[in-house]
Structure formats: C-alpha cells, structure tokens
Amino acid sequence: TTNFQDFIKEHEEGALVEFYAPWCGHCKRLEPEFVKAADMLEEAGVKTPLAKVDATVESALASQFQVQGYPTLKYFVGGEPSEYDGGRDAAKIVDWIKAMSGPAVVEGQAAEGETLSLTLYAKEDSEANADFNALAKANRKKGAWHFVASDEAKFVIKHKGEEAISSTDARSEEHTSELQSPLQS
C-alpha cells in the first residue's frame, strides 16, 4: 500500500493502473495488450506509466478504490482516480492515454465530427482563457476543448448534428464559471 501511494504521488500527472486477479480470463487476455501499450507509450515518449495491482493480494487497496470486477482500470491524476473508459487493445489504450495526458485545450478550430466541442475565442493572456483551461482540464472527457486567439471574445458550443450556440457577451469569465456547474456534475 505504501509503495502504491508513493507510485501515485511520483506520477501525479497521470498513471493508468490495472487491478487484476491472476485467475481472471479477461485479465489474461488484457495482459499482452497492456504490455504492448506500455511499450508503445515509451516509444512515443509519453511519460504516463501503466501499472498493475494484484487485487487478490492487495484486497484493501482494491476495496479502497471500489474495484468490484476484473480487470478494473483506473486513471490516477493528482492522486485521484477516475474510471478508464477506453478500449482494451494496445492502440486504443495508447490513444486514450495520449488524449488524457496531452493538453486539455487544443489551439485551433473544432473539427467537424466532434461529438461536443467547446471553443473559446479570446486573448491568449486573458483571465477567461486561464479559467477555460482549468475547466477543460477538469472536464476533458466531456468534450473537445479548443482555443482560438482573437481580440473579440466569443464562446462557442457545438454538439454533433446541431447548430452551434455562440455568445459574444463580454462577460466571458461569467460564462466559464456558469459552465462549471453542469459539467462538473
């Protein structure tokens, strides 16, 4: 348990942990993909480690993180776990890790096929941009976050297949704080 806590603290920026049982067939199928994903991440220079915990030996640890089935994958950032909701093959694990460990906000326009995009047009050094980045980091799984440098502040939300909703209200800071409530639930 102490080793695990030290590991999570050492990798505060992110670590993917598999809680497994040695007898579990699904765990045995995941094993080569998990190892391959770790190798692919290392080759790509991604510093997010993949780790394994035998939940039958470390049952208190598994219980602490509400592990109820095997394998259970949890992504830890800043010591806090979240559910891994990506695929179970190496390429999908790598893609998920890259999406979660890269910048939360991407510079440039939203892509057409994104399910939900949130784009801020503002000055780069604005308080709204700082707030937007913090909100994106806390909610990166909920949408694709974009920033476009602009002298005119505008916030655009677009859901796939629907018209974009745009606000040019100068109260950008209020808009980002209003967004926190529904996104953080």
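Residues take numbers from 1 onward in each chain, read along the sequence in its written order. Where totals are concerned, whole chains, interfaces and linings use all residues; where local detail is concerned, this predicted model gives features only for residues with pLDDT of at least 70, and gives and counts side-chain atom pairs only at 80 or more. Only hydrogens and water are removed before side-chain values are computed, so all heavy atoms of the structure are retained for them.

K.L.:
Quick one: what's the story with the overall build of the protein chain, residue by residue and with numbers?
P.N.:
Helix and strand counts for the protein chain come out as six helices and nine strands. Projected onto its principal axes, the C-alpha positions of the protein chain cover 60 × 30 × 30 Å. The burial tally for the protein chain puts 39% of its 185 residues in the buried class. Counting only contacts in the protein chain whose residues sit at least 6 apart along the sequence, the fraction spanning at least 24 positions is 72%. For the protein chain, the exposed area adds up to about 10800 Å²; of that, 49% sits on carbon and sulfur atoms. Two residue types count as positive, namely Lys and Arg, and two as negative, namely Asp and Glu; His and chain ends fall outside the count. In this description, the location of a charge corresponds to atom NZ of lysine, CZ of arginine, CG of aspartate or CD of glutamate. The distance from the centre of the 19 positive side-chain charges to the centre of the 32 negative ones in the protein chain is 6 Å. Each helix is a run of DSSP H or I of at least 4 residues and each strand a run of E of at least 2, with the numbering of both proceeding from the N terminus. Remark: exposure states derive from per-residue accessible area (1.4 Å probe, protein chains only) relative to the maximum for the residue type, with buried under 20%, exposed over 50%, and partly exposed in between. Throughout, a residue-residue contact means that at least one pair of heavy atoms, one from each residue, lies within 4.5 Å. Here, Shrake-Rupley sampling with a 1.4 Å probe gives the accessible areas, and only protein chains in the shown set may cover a residue.

K.L.:
If you had to explain the sheet that holds strand 2 (residues 50-54) to someone new, which residues and values would you point to?
P.N.:
In this analysis, strands are considered paired if DSSP registers two or more bridges between them. Pairing is mixed in the open sheet, where four strands are placed in the order 2-1-3-4. The strands lining the two open edges of the sheet, one partner per strand, are strand 2 and strand 4 (80-83). Strand after strand, the sheet turns through a mean of 30° between neighbouring axes, direction not considered. Where strand 1 (residues 15-20) and strand 2 come together, five bridges link them in parallel fashion. Across the sheet, Leu16 pairs through a bridge with Leu50, a residue of strand 2. Angles here are taken between N-to-C directions and fall from 0 to 180 degrees, while the axes themselves are lines fitted to C-alpha atoms, restricted in helices to the stretch in contact. The strands touched by helix 1 (residues 2-10) within the sheet are strand 1, strand 2 and strand 3 (72-77), with strand 1 carrying the most contacts at an inclination of about 155°.

K.L.:
With reference to specific residues and values, describe the side chain of Glu114.
P.N.:
Counting through the fold element by element, Glu114 comes out in the loop between strand 5 (105-107) and strand 6 (116-122). In contact with Glu114, not counting residues within four places along its chain, are Ala144, His146 and Lys160.

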